[in-house]
Amino acid sequence: MTTRIALVGLLCVAWILPGLIGHDPWKPDEAYSFGLIYHIIQHGDWVVPTLAGQPFLEKPPLYYLTAAAFAKAFSPPLALHDAARLASGFFMAIVFLFTGFAGRELFGKSYGAAAVLLLVGAFGLLIRSHQMVTDIALLAGFAIAYYALALAPRRWAAGGFWLGIGGGLSFMSGDLLAPCIIGVIIVLLPIAFRNWRNRRYAAALGIALIVSLPWLVIWPAALYQRSPELFNQWLWIDNLDRFIGINPFGPTFEHLFYLRILPWYAWPLWPFAAWTLWRTRSTGFMPGIQLALLGFLVTLIVLSAVAGARELYGLPLLVPLALLAVPATDTLRRGAANAFYWFGAMTFSFFVIVAWFYWVALEFGVPAQLQTHLNEMQPGYTNGFRLLPFAIGLLFTVVWIVVLRSTRKSRMRPLIVWAAGITILWGVLNGLFLGWVNTGKSYRTMITSLEHKLPAHYRCIASRSLGEPQRALLDYYAGITTERAESTSHRHDCDLLLIQGDPDYPPLPGEQWKELWDGSRPGDDSEHFWLYQRRDRQAR
């Protein structure tokens, strides 16, 4: 048992680390998140999340504070943004740890590893969990909450404590929707199921309320004390109005969005979960299945009901679905288990070979036509052999061969091979292609080019249609803070004007402006930037 836990822990580490370091902040979510983190690092202000000089109150600041702490602790030797991104790895470790605890508590000691392996193998978790996004900390809050709800009927004090931590963490990492989902689950559990209809559960809720109060009160109170106007903006515009669709500039309703993406997003969790429900349909659902099923359905219904739908917001669906899939690892028929094992082994082996084929073409020009195609996709990339990416890709490939040769037949073998396969492929792709991908997603070269064209002396830079990610990275890379023309309080005497727009429709700022520079990210044909200077200020 100890060896199994150690191997699963090692697999989680191998899954978490690739992709956390070695690339610039990417738009959109990473760029604006790092802008908020960068402000905390520079000014130490944790009350008002600020992006390039402007309040940005979409989320409470817990993730940004944690990332700023990691940035200060590990930079140098790491770049500031790479060190900050380690916070996502920290919160993912919490997700895996408490998902394992929940699996053990709900189904037995030997099932914690199965819960973790199922979650590791989920497609929808892979990319987002390696980015600087607050939703990873929010997911950690959900994982803790599920463990707490599983624990509360047996150990009410510990269950209440962890429920308060999980609910508070989800609130301070996301928005009002997350604690609302947890609150609905808390209320419905004793109504629907006998296992939570007792005094121990009620006592656990009392402890949870006490433990969660500091999380729920301290930051909102500090924000209100700093500025009642900003508090109202956070509470109403950035939370309630956005979710119920009143804000005309907010996202629209897509009620079936999460159902549409679940087939790939939650693969391979949902086939296992469906088998669990099918096998237990006549015997009745045990408490573990009751909690996981209720949690999944409540989360799906609430997410589908509110305005705005993104696959990023669907992360809380994966933890209860992984828990719901756990019992299937024991009851899956031998033929189905073998088929899943061979499907995973062949699929990931095939894609590892394809990755190496593309890497040889990219770096050595064999075949030359494929290298030309890849260079057209990322025109700023410099081809050539690099030892570190090669070594990382080779290490993960060798480990994959060892896994295939050494994994013995057991009920866990299909899960082990699938989780190891997705981890290995992720490691190989990050090792071989991270630099190539970063070339097209980074704004560094573009902003450096813009910076070289700035006059020696200027009063300020106004901006028009400039996105939040771009404003954040201008501040980070070049120390440029623009005056937003869309703001009612912006300055009207700026010497320079920076405009973001469609390259097919160049802006017409007026005869008083002279173009100094235009540019975009390498290979980006969707957005372009223009820098103008007032003609009557050129001599100054």
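Up top is the structure these notes are about.
Bear in mind the structure is a predicted one, so any value in this text is a computation, not a measurement.

Here we come to the nonpolar core. Within the largest apolar cluster, 180 residues are counted, with the highest numbers of intra-cluster contacts made by Ile37, Phe96 and Leu125. Broken down by element, this core gets its largest block of residues, 15 residues, from helix 7 (residues 135–151). Non-local contacts of Phe96, meaning those with residues more than four positions away in its chain, are made with Cys12, Trp15, Ile16, Val116, Leu119, Val120 and Leu125. With eight residues, the next largest nonpolar core counts Cys460, Ala462, Leu497 and Ile499 among its residues.

Attention now moves to empty space enclosed by the protein. A full pass over the atoms with the stated rule returns four cavities of 30 Å³ or more. Counted as a void, the second largest cavity has a volume near 50 Å³. By residue class, the composition of the lining of the second largest cavity is 10 nonpolar, one polar and no charged.

What follows deals with helix 19 (residues 387–406). For helix 19, with 20 residues, the first-to-last C-alpha span of 28 Å sits near the 28 Å given by 1.5 Å per residue. Residues of helix 19 that are buried include every one of Gly393, Phe396, Thr397, Trp400 and Val403, and no others. Projected down its long axis, helix 19 carries its buried residues within an arc of 115°, all on one side. Exposed side chains of helix 19 directed beyond 90 degrees from the buried face belong to Leu387, Leu388, Leu395 and Arg405. Among the structural elements, helix 1 (2–16), helix 17 (334–364) and helix 20 (413–441) are those in contact with the buried residues of helix 19.

For the rest of this paragraph, the subject is the pattern of salt bridges. It is possible for side chains of opposite charge to pair when their charged atoms get near one another. Tallied over the entire structure, the rule returns 18 salt bridges. Of the charged contacts, one joins Arg85 and Glu30 as a salt bridge, the two residues approaching to 2.7 Å between their closest N and O atoms. Here Arg85, found in helix 4 (residues 80–107), pairs with Glu30, found in helix 2 (residues 29–43); they are 55 residues apart in sequence, far enough to count as distant. Residue classification places Glu30 among the buried positions, given a relative accessible area of 1%. For Glu311, the salt bridge goes to Arg128, with nearest N and O atoms at 2.8 Å. In this pair, Glu311 is assigned in the loop between helix 14 (287–305) and helix 15 (318–325) and Arg128 in the loop between helix 6 (123–126) and helix 7, connecting sequence segments 183 residues apart. Given the relative accessible area of 22%, Glu311 is considered partly exposed. One connected set of salt bridges, linked through shared partners, spans Lys27, Arg521, Asp524 and Glu527.

Thresholds, definitions, all that
Residues numbered from 1 in each chain as written. Predicted model: local features only at pLDDT ≥ 70, side-chain atom pairs only at ≥ 80, totals over all residues. Heavy atoms only, no water. Core = buried A, V, L, I, M, F, W, Y, C linked by side-chain atoms within 4.5 Å. Buried < 20%, exposed > 50% of the residue type's maximum accessible area, 1.4 Å probe, protein only. Helix = DSSP H or I, 4+ residues; strand = E, 2+ residues; numbered from the N terminus. Contact = heavy atoms within 4.5 Å. 1 Å grid on protein atoms, 1.4 Å probe; cavity = no way out; pocket = protein on both sides within 12 Å on 5 of 7 lines; lining within 4 Å. Points joined across faces, edges and corners; volume = space filled by probe spheres on them. Nonpolar A, V, L, I, M, F, W, Y, C, P; charged D, E, K, R; others polar. Expected span 1.5 Å × (residues − 1). Arc of directions from axis to C-beta. Salt bridge = Lys/Arg side-chain N within 4 Å of Asp/Glu carboxyl O.

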